[in-house]
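Listed below are the residues making up each chain.
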Amino acid sequence: QVQLAESGGGLVQAGGSLRLSCAASGSILSITNIDPMGWYRQAPGKQRELVATITSSRRTNYIDSVKGRFTISRDNAKNTVYLQMNSLKPEDTALYYCNAVTLGYEYWGQGTQVTVSS
């Protein structure tokens, strides 16, 4: 079992920045085998979409709309993944979910709201 605790969402003006954090906790076996970790988002009336993922070897993947603006990083010692979001746009407004895959299971956080005003 893995629990994911997200933080860092909020309200920001267009062009601003936010940093999301997601800390994983649970059994040592599950935590040490998380691969990958990532962030998804879901805007009202839309399907959940992948934003960015990072593997244990720090290989990253981004959706095209955030490339050059968002940076995902991972601190394996703290079992934490971060999403630095710069140059935010109103279309980035969504509920952002942390995701972790380990030992054949997928886990989700509760979500943190990001709202970008124009």
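Computed from a predicted structure; not experimentally measured.

Things to note about the pattern of salt bridges
Now for step 1: Scanning the entire structure with this criterion turns up 4 salt bridges.
Now for step 2: Residues E49 and R41 are paired through a salt bridge, measuring 2.8 Å at the closest nitrogen-oxygen approach.
Now for step 3: For E49, a relative accessible area of 31% gives the class partly exposed.
Now for step 4: Taking the shortest distance from any N to any O, the salt bridge between K67 and D64 comes out at 3.0 Å.

Focus: the pairing of strand β4 (residues 34-42)
Now for step 1: Across 7 bridges, the pairing between β4 and strand β9 (residues 94-102) is antiparallel. Paired with Y40 across the bridge in β9 is Y97.
Now for step 2: Of the pairings in the sheet, the one linking β4 to strand β5 (residues 49-54) comprises 5 bridges and is antiparallel in character. When the sheet's bridge partners are listed, Y40 is paired in β5 with L50.

Quick notes on the rules
- Residues numbered from 1 in each chain as written.
- Predicted model: local features only at pLDDT ≥ 70, side-chain atom pairs only at ≥ 80, totals over all residues.
- Heavy atoms only, no water.
- Salt bridge = Lys/Arg side-chain N within 4 Å of Asp/Glu carboxyl O.
- Buried < 20%, exposed > 50% of the residue type's maximum accessible area, 1.4 Å probe, protein only.
- Pairing = 2+ DSSP bridges.
- Helix = DSSP H or I, 4+ residues; strand = E, 2+ residues; numbered from the N terminus.

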